[in-house]
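If you want the building blocks of each chain, they are given just below.
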Amino acid sequence: MKERHSALCVEEAEDVVKELRALLVKTGIVLPSLGLDPVSLAREAPRTLAERGRCSAETARRLAAAVAK
């Protein structure tokens, strides 16, 4: 049962990251390193974290403008 719950948590997190990536692309923002943090998946009961990674100041500015809308 725990394994199934863990798998569902990871699947849900992957779906959310895909959705975020798609929405960002629509605004012209690409975060190549966007994904799941592998360390957060290593626990017996994963606490999935999305890793945004580094981005340029210009990308950060566009991201802030998109969020502000």
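Description of the structure in this document. (Residues numbered from 1 in each chain as written. Predicted model: local features only at pLDDT ≥ 70, side-chain atom pairs only at ≥ 80, totals over all residues. Heavy atoms only, no water.)

### Regarding the pattern of salt bridges
Pairing of side chains with opposite charge becomes possible as their charged atoms draw close. For the structure shown, the criterion picks out one salt bridge. For Glu-58, the salt bridge identified is with Arg-61, shortest N-O distance 3.0 Å. With a gap of three residues between them, Glu-58 and Arg-61 both fall in helix α3 (residues 57-68), about one helical turn apart. The exposed category is assigned to Arg-61, whose relative accessible area is 53%. (Salt bridge = Lys/Arg side-chain N within 4 Å of Asp/Glu carboxyl O. Helix = DSSP H or I, 4+ residues; strand = E, 2+ residues; numbered from the N terminus. Buried < 20%, exposed > 50% of the residue type's maximum accessible area, 1.4 Å probe, protein only.)

### Re a negative patch on the surface
There is a patch of like negative charges on the surface, built from Glu-12, Glu-14, Asp-15 and Glu-19. Mapped onto the elements of the fold, Asp-15 is located in helix α1 (residues 2-26). (Patch = residues over 30% accessible without salt bridge, like charges linked within 9 Å, V, L, I, M, F, W, Y side chains within 5 Å. Areas by Shrake-Rupley, 256 points an atom, 1.4 Å probe, with all protein chains shown as cover. Lys, Arg positive; Asp, Glu negative; His and termini not counted. Charge placed at Lys NZ, Arg CZ, Asp CG, Glu CD.)

### With respect to the side chain of Asp-37
Checked against the element boundaries, Asp-37 lands in the loop between β1 (35-36) and α2 (38-41). The exposure class of Asp-37 is buried, given its relative accessible area of 16%. The residues contacting Asp-37, other than those within four sequence positions of it, are Leu-49 and Glu-51. (Contact = heavy atoms within 4.5 Å.)

### Points about the side chain of Ser-40
Among the secondary structure elements, Ser-40 is positioned in helix α2. Relative accessible area serves as the criterion here: at 5%, Ser-40 is assigned to the buried category. Within the local environment of Ser-40, its side chain forms a polar contact with the backbone nitrogen of Leu-49, the two atoms lying 3.0 Å apart. (Polar contact = N/O pair within 3.5 Å; in protein donor to acceptor, adjacent residues only side chain to side chain.)

### Observations regarding the environment of Ala-7
Here Ala-7 shows up in helix α1. For Ala-7, a relative accessible area of 29% translates into the label partly exposed. With eleven residues separating them along the chain, Ala-7 and Lys-18 place their C-alpha atoms 16 Å apart.

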